[in-house]
There are 2 protein chains.
Amino acid sequence: MRAYQKGNQVEKLKRTISAILPLQQDWQQKAQKRLDSLTKPPGSLGRLEEIARRMVGIRQSIHPSTTNKVIFTLAGDHGVAKEGVSAYPQEVTAQMVYNFLSGGAAINVLARCIGAKVIVADLGVAEDLKPHPLLRVKKVGYGTKNMAKGPAMSRQQAIQAVEAGIELFEQEYQSNGIDMVGIGDMGIGNTTASSAIVAVLTGQSPEQVTGRGTGIGDKLLHHKIEVIRQAIALNRSDPDDPIDVLSKVGGFEIGGIAGIALAAAAHRVPVIVDGFISTAGALIAHQLQPVSKEYMFAAHRSVETGHKAALEKIGLSPILNLNMRLGEGTGAALAMPIIEASIKILTEMATFQNAGVSEQIN
Amino acid sequence: MRAYQKGNQVEKLKRTISAILPLQQDWQQKAQKRLDSLTKPPGSLGRLEEIARRMVGIRQSIHPSTTNKVIFTLAGDHGVAKEGVSAYPQEVTAQMVYNFLSGGAAINVLARCIGAKVIVADLGVAEDLKPHPLLRVKKVGYGTKNMAKGPAMSRQQAIQAVEAGIELFEQEYQSNGIDMVGIGDMGIGNTTASSAIVAVLTGQSPEQVTGRGTGIGDKLLHHKIEVIRQAIALNRSDPDDPIDVLSKVGGFEIGGIAGIALAAAAHRVPVIVDGFISTAGALIAHQLQPVSKEYMFAAHRSVETGHKAALEKIGLSPILNLNMRLGEGTGAALAMPIIEASIKILTEMATFQNAGVSEQIN
C-alpha cells in the first residue's frame, strides 16, 4: 500500500510536468494587434502591454477573466533555525499562521484591497495547529531537519511537498476556479533555505545570495552565510536534480510553492511569484520544467540579495521594486492590480477608428 | 478693471504659495510607531512604510482617507508642433479630449479600475471644444506660440495658466472633496516643451533630457533636440524665475499642472505626479515653492530620457517603473492603489500584542 502510494505520488508530479505546454504565439499576436489599434502611441504602455500579451497567451482568450484571485500562503518550519540564523524565534511561524487565519497579517490586508482570497496551508509547521475552516493541512513533517547537520528532508518528503502544492492548487481550482494565483510563504529560517537553494541552482556563492532575512545584523549575517556554506558542502546536492536540491537544503513550504507553480502552469493559470522564498520555489519548478516560466510573473524585486540571481536564472523581470522583504505573498497582492489593469486596457480602451483619433504620421 | 484682475490673479498664486507649510514631524513619528507595532519585521514593507508615513504627515491623521481620488488631465496645444517634432498631427490633442470625455482612453480605463474621477480641462487646445458636462474650460489661449521663434506665451498667460490649475483644484476640492490628486496631461508637442523646461531648470543639455515622445525615429529626435536648443538660445529664460521659464518654453497645460500641485500642497492633499510632462509641471511648482515636494509622490519612471533628471532635481523617487510613456495621468492611476495599500497596512494590520506574536530576539 505504501509502495503503491509512493508510485502514485510520483505519477502526480510527472503528470503535472508533462501537462505544461509552451504558449501559443498566435494568441499573443492577436493581443498585440488589438493593443496596436487602441488610442495610444504603439508600445506606450510599456510593460502593461507585455503583461497583457502574455496573459492572453496563457489564458488563450482575448478577454481573460481576473475575477478569482487566490494567494496561497504556505507555512513550514526549518530545522536550521536551531543554528540561530533568524531574528525571530521558531514559534513565530505558528503564531503568524493564526494571524493569517484571523485576518490581521499584511497579506490579509493587501488581499482584501484587491478582492483576493488567501488560502493558508500548513506544509510542515513544527507543531500541530488548531483546526480552522480556512486552514489546509498538508503536513509533510514537523519542520525540516537541520540542513547544517544533514539533509533537510528525504527525497520522498521532497516529492510529497511538491505534490501537496499540486493538490492545494487543484482542489481550489476544481472547487471554485482560479484566474490568477499568487504564491507566498511563512517560515522562520526560510531565507536560509532559499539562499542555499539559489546558491546551488545558480552556481553563485553563499555570500552572493544571502541577505538579512527578517533583519539580522552583520555578525549574524556572517554566521548565516557560514551555516549555508556548511550545509551545501555537507549535503552535496546535485544541481541537475531539483528534487535532490529541495530535499538536501530546501523546505516543505518551498516544495509546496514549486508544486503550485507547476500545477498552475499545467492548468494555464498565471502564477504571480512573490519574493525571495517564492522565487526559490519557482526556481525549483523551473528546473523541473523550464516551460513553466512562461506562466510566471515576478511580482517584485525583494531586498534579499539572492532574489536578483534567482529571477535572472528563471528569466523573469520584476513588476515592482518597493524594497520589500516580508514574504507571505504581499508583493504578489500588490502586483495583481497592475496585471488586472493591463487586461482592462486591452478590453476596455477605444480604438483609433471608434474614437475618430488620427493615427501616426511620422 | 483689467489691471485689478491682473493684480488679483498674482494674489491667488502668492496666497497659494504662502499657504504651503512643511510637514510636521510628530505625525510621521506617530505613523512610524504604529508601523513598528504591526506583525511584520520592522521596515520589511519598505517603500510602503515610507509612503504611509508621509501620507500621515500630509493629512495630519493616522487614518487618512483615500476615498476621493481625482485625476486631472489637462490639455493644451503647442506652437512648436509646427516644427514637426511629434509623430502625431496637432488635431490629436482635441480628438483625445473627446476620447477622454467619452471614457475610451487609457486614463479612463485605469481610473475606473481604482474608482478615481477623471476631470478633463482645456487649458489651451488650439480649437474651441464642444461643451460637455465633464469638461472644464480654462482656456489661456489657442495653443502656445512656436517657442523656436519667440516666447511660447506672455508672462501674464503663464501666471494665468498656473492660477487656472489652482482654480481647477479648489473648485473640485470645495464641491466634492479630494483625498488624493493625480496630475496628467495631453498635448501634441508637449514633450518638446517639457524637455526645454527641464533642460533650463536642471542645467542639463537638450540631448540629455530629450526623448522620443510619442515614438519618433532617430532623424526626428535629432531635429527635436535642435529645435529645443534653438528655443532655449533664442528665449534666454531665467532659470531662477520659473514663471519666466514657463512663459518662454512651457505650455498652458504644464502651467495648469504646476498650479494643481501648488493648490494641493496648500490644502494638504497628496499629489501623485504622473510622467515626464507632469513632472515638468511639478518641477515648476517646486521651483516656485520647494516645500511643495513634501506633498508629492512620483508615480512612475517614464521612458522619456529627461524624466530622471527632473525627478532628481525635485528629489522624488518613482514608485513604479513600467517603461511607460503615455501621460494622461496613467502612471498616477497605477500608483494610487500602492498608496492606498500603504494606508490599509497602517490602519488594518494586527499588532504583535493583539495577535500574540513574539517580537524580535536577535
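Reading guide: rules and limits
- Residues numbered from 1 in each chain as written.
- Chains lettered and ligands numbered in written order.
- Predicted model: local features only at pLDDT ≥ 70, side-chain atom pairs only at ≥ 80, totals over all residues.
- Heavy atoms only, no water.
- Domains from an automatic or database assignment.
- Contact = heavy atoms within 4.5 Å.
- Buried area = accessible area lost by both parts, 1.4 Å probe.
- Salt bridge = Lys/Arg side-chain N within 4 Å of Asp/Glu carboxyl O.
- Polar contact = N/O pair within 3.5 Å; in protein donor to acceptor, adjacent residues only side chain to side chain.
- Helix = DSSP H or I, 4+ residues; strand = E, 2+ residues; numbered from the N terminus.
- Phe/Tyr/Trp six-rings, centres within 6.5 Å; stacked < 30°, edge-to-face > 60°.
- Buried < 20%, exposed > 50% of the residue type's maximum accessible area, 1.4 Å probe, protein only.
- Least-squares fit on C-alpha atoms with pLDDT ≥ 70 in both.
- Lys, Arg positive; Asp, Glu negative; His and termini not counted.
- Expected span 1.5 Å × (residues − 1).
- Pairing = 2+ DSSP bridges.
- Axes fitted to C-alpha atoms, helices over the stretch in contact; angles between N-to-C directions.

## A few points about the domain arrangement of chain A
All names here are of chain A.
- What the domain assignment reports for chain A is domain 1 (8–63 + 346–355) and domain 2 (69–338).
- Once you take the C-alpha centre of each, domain 1 and domain 2 turn out to be 27 Å apart.
- Each side of the interface is counted separately: domain 1 has 21 residues, and domain 2 has 32 residues.
- For the pair domain 1 and domain 2, the two sides together bury roughly 2400 Å², of which 59% comes from carbon and sulfur.
- Put simply, domain 1 and domain 2 have three salt bridges between them.
- Note that E170 and R15 form a salt bridge whose closest N and O atoms lie 3.8 Å from each other.
- Viewed at the interface, domain 2 and domain 1 are joined by 13 residue pairs in polar contact (both at pLDDT 80 or more).

## A short note on the interface of chain A and chain B
- Contacts between the two partners involve 55 residues from chain A and, on the opposite side, 55 residues from chain B.
- For the salt bridge of R112 of chain A with E348 of chain B, the shortest nitrogen-to-oxygen distance reads 3.1 Å.
- Summed over the shared surface of chain A and chain B, the result is 16 residue pairs in polar contact (both at pLDDT 80 or more).
- Of all elements in the fold, only helix 3 (47–59), helix 4 (92–101), helix 5 (106–114), helix 14 (330–348) and helix 15 (352–355) of chain A reach the threshold of two or more residues within the side of chain A that touches chain B.

## Let's talk about the packing of aromatic side chains
- Counting across every chain of the model gives four aromatic pairs over all chains.
- Taking the centre distance of 6.5 Å and the plane angle of 10° together, the rings of F352 of chain A and Y88 of chain B count as stacked. Placement of the pair is F352 of chain A in helix 15 and Y88 of chain B in the loop between strand 1 (69–76) and helix 4 (91–101), with the two residues belonging to separate chains.
- For F352 of chain A, a relative accessible area of 6% translates into the label buried.
- The exposure class assigned to Y88 of chain B is buried, which follows from its relative accessible area of 6%.
- With 5.5 Å between their ring centres and 20° between their planes, F169 of chain B and Y173 of chain B make a pair best called stacked. Taken together, the residues F169 of chain B and Y173 of chain B, both in helix 6 (residues 155–176) and four residues apart, mark about one turn of the helix.
- By relative accessible area, F169 of chain B is classed as buried at 0%.

## Some thoughts on the relation of the copies chain A and chain B
- Its rotation angle being 180°, the transformation that places chain A on chain B also includes 0.0 Å of axial translation and leaves an RMSD of 0.0 Å. Put plainly, the chains are arranged around a two-fold axis. Residues of chain A ranked by C-alpha distance from the rotation axis are headed by L320 of chain A, positioned 3.1 Å from it.
- When the interface residues of chain A are mapped onto chain B, 100% of them are again interface residues, pointing to one common binding face.

## Considering the side chain of D77 of chain A
All names here are of chain A.
- You can see D77 is positioned in the loop between strand 1 (69–76) and helix 4.
- K139 provides the closest opposite charge to the buried, salt-bridge-free D77, at an N-O distance of 7.2 Å.
- Only 2.8 Å separates the side chain of D77 from the backbone nitrogen of A126, close enough to count as a polar contact.

## Brief notes about helix 12 (residues 276–288) of chain B
Residue and element names in this part refer to chain B.
- The end-to-end C-alpha separation of helix 12 is 18 Å, in line with the 18 Å expected for 13 residues at 1.5 Å each.
- Counting buried positions over the 13 residues of helix 12 gives 11, a clear majority of the element.
- All buried positions along helix 12 are accounted for by F276, I277, S278, T279, A280, G281, A282, L283, I284, A285 and H286.

## Regarding unusual backbone geometry
- One non-glycine residue, E328 of chain A, lies in positive phi territory at about 75°.
- Examined against the element boundaries, E328 of chain A turns out to sit in the loop between helix 13 (307–314) and helix 14.
- For R268 of chain B, which is not glycine, the phi torsion reads 55° and is therefore positive.
- On the secondary structure map, R268 of chain B appears in the loop between helix 11 (252–266) and strand 5 (271–273).
- The partly exposed category is assigned to R268 of chain B, whose relative accessible area is 31%.

## Examining the pairing of strand 1 of chain B
Residue and element names in this part refer to chain B.
- Here strand 1 lies mainly inside the structure; eight of its eight residues are buried.
- The alternating pattern of strand 1 places K69, I71, T73 and A75 on one face and V70, F72, L74 and G76 on the opposite face, and all of these are buried.
- Bridge count between strand 1 and strand 4 (residues 180–186): seven bridges; the pairing is parallel. Residue pairing for strand 4: I71 is matched across the bridge by G182.
- The pairing of strand 1 with strand 2 (residues 117–124) spans seven bridges and is parallel. Bridging across to strand 2, T73 finds its partner in V120.

## Concerning the sheet that holds strand 6 (residues 296–298) of chain B
Residue and element names in this part refer to chain B.
- Strand order in the open sheet made by the six strands is 3-2-1-4-5-6, with parallel pairing throughout. The open sheet has two edge strands with one neighbour each: strand 3 (135–137) and strand 6. Taken pair by pair, the neighbouring strands of this sheet meet at an average axis angle of 25°, ignoring direction.
- On top of the sheet, helix 3 (residues 47–59) reaches strand 4 and strand 6; it is set at about 155° to strand 6, its chief contact.
- Those strands touched by helix 12 are strand 4, strand 5 and strand 6, and its axis lies near 120° from that of strand 4.

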